[in-house]
Amino acid sequence: MEVLDVSPQLAAEWLTRNTNNRPLSKSTVQQLVGQIQRGEWQLTHQGIAFDEDDVLIDGQHRLAAIAKAGITVPLTVTHGVPRTAFTVMDTGRKRTGRDALALAGEANATHLAAALRGLHLYLSVPNSVWSGGSSVTSNDQLLVMLEKHPGIRDALHHGIALNRACRITVTAATIGWYVTTEARPDIDQSSWKDGVVTGARLESGDPRLTLRNTMLSLAAGRTHRRRDDSREHLLYYLKAWNAWVEGRTIKLLRRSPNETMPRITNQSGTGPADREA
């Protein structure tokens, strides 16, 4: 076993010894490429391995990523691994974003990881599908997001309360609360939250009641739309929030094909947030 600086050229050469391995996952390679290019690559005991005949039996995705990224990185290289060990390689559970945040001492790590991932997607690709390989966010990216957006911790408490009240996903409610609070610190959101949570004494067309009823209908399965699509839930949240701030009624929340994520309204002085203060 040795540690070597593996260049893209050396990685490509070693890949020619990859004669008996599982099919290469393009999405996994791309995730690793992103980590290398963002400077997140770190040397660990996990590297690549060759068997007794110098055939590559572990690490093809790492080598493919180095070759594609075009950047030299340090890598642990092991030679002479018994071929029979191949069946037990990579069978352990990978460390998730939840694990990374929990190890960093964060509370509600599962919900926080999902909210940070969603916030990253909202800020970078708000109008793309938030699923599949292109939406994967590395653990390092989550930690960087948390450092840049510490207010997401407080927003998560509001997101959990809204989820319990009307079944909007915690991720969507947390992001919605956070981005609107950041964009409009002049708005007191207490009556917004109270209205969505309770629905008490709200008239038909009140955006808070419409959002609440829409989420409850989704949760009850009274529509063909997915009940757990955080991107769609966030779109409804922002549309309703904008209407509430602007003092508009809204009786129906729906998403048109290819509809983009709403921008947070910059209107002020005309909506219920001011009248109720």
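These figures come from a predicted structure and were not determined experimentally.

The rules behind these values
Residues numbered from 1 in each chain as written. Predicted model: local features only at pLDDT ≥ 70, side-chain atom pairs only at ≥ 80, totals over all residues. Heavy atoms only, no water. pLDDT = per-residue confidence, 0-100. Helix = DSSP H or I, 4+ residues; strand = E, 2+ residues; numbered from the N terminus. Buried < 20%, exposed > 50% of the residue type's maximum accessible area, 1.4 Å probe, protein only. Polar contact = N/O pair within 3.5 Å; in protein donor to acceptor, adjacent residues only side chain to side chain. Contact = heavy atoms within 4.5 Å. Expected span 1.5 Å × (residues − 1). Core = buried A, V, L, I, M, F, W, Y, C linked by side-chain atoms within 4.5 Å. Phe/Tyr/Trp six-rings, centres within 6.5 Å; stacked < 30°, edge-to-face > 60°. Salt bridge = Lys/Arg side-chain N within 4 Å of Asp/Glu carboxyl O.

### Topic: the confidence of the model for the protein
- Averaged over every residue, the pLDDT of the protein is 89; residues scoring 70 or more account for 92%.
- No element of the protein has a lower mean pLDDT than helix H12 (residues 272-275), at 44, and none a higher one than helix H8 (residues 170-183), at 98.

### Some remarks on the side chain of Asn-242
- Counting through the fold element by element, Asn-242 comes out in helix H11 (residues 230-246).
- Classification of Asn-242 by relative accessible area gives buried; the value is 8%.
- Within polar-contact distance, the side chain of Asn-242 engages the backbone oxygen of Arg-263 at 2.8 Å.
- Sequence-distant contacts of Asn-242, that is, excluding residues within four places in its chain, are made with Arg-248, Pro-262, Arg-263, Ile-264 and Thr-265.

### Points about helix H2 (residues 26-37)
- End to end, H2 covers 16 Å across 12 residues, agreeing with the expected 16 Å (1.5 Å per residue, within 8%).
- Listing the buried residues of H2 in full gives Val-29, Leu-32, Val-33, Gly-34 and Ile-36.
- Against helix H3 (60-69) and strand S4 (73-81) lie the buried residues of H2.
- The first or second residue beyond H2 is Gly-39, which carries a positive phi of 80°.

### Details of the nonpolar core
- In terms of nonpolar packing, the biggest core is built from 46 residues, with Tyr-122, Trp-192, Leu-211 and Tyr-237 touching the most fellow members.
- When contributions to this core are tallied by element, the ones reaching two or more residues are helix H5 (109-124), helix H6 (139-148), helix H7 (152-166), H8, helix H9 (190-198), helix H10 (207-219) and H11.
- No other element matches the 10 residues that H11 contributes to this core.
- Not counting residues within four places of it along the chain, the set of residues in contact with Tyr-122 comprises Trp-130, Ile-175, Val-179, Leu-234, Leu-238, Met-261 and Ile-264.

### Thoughts on the environment of Leu-75
- Along the chain, the position of Leu-75 falls in strand S4.
- Counting along the chain gives 13 residues from Leu-75 to Arg-62, while the straight-line C-alpha distance between them is 9.1 Å.

### Notes on the packing of aromatic side chains
- Under the defined criterion, the tally for this structure stands at four aromatic pairs.
- Centroid distance Trp-192 to Tyr-237: 5.4 Å. Interplanar angle 75°. Geometry classified as edge-to-face. Separated by 45 residues along the polypeptide, Trp-192 in helix H9 and Tyr-237 in helix H11 bring together distant segments of the chain. The two residues Trp-192 and Tyr-237 agree in class, both being buried.

### Some points on the pattern of salt bridges
- Taken as a whole, this structure holds nine salt bridges when the rule is applied.
- Note that Asp-186 is salt-bridged to Arg-184, the shortest N-O span being 2.7 Å.
- Among the residues examined, Asp-186 registers a relative accessible area of 48% and is labelled partly exposed.
- The partner of Asp-206 in a salt bridge is Arg-208, and the shortest N-O contact between them spans 2.8 Å.

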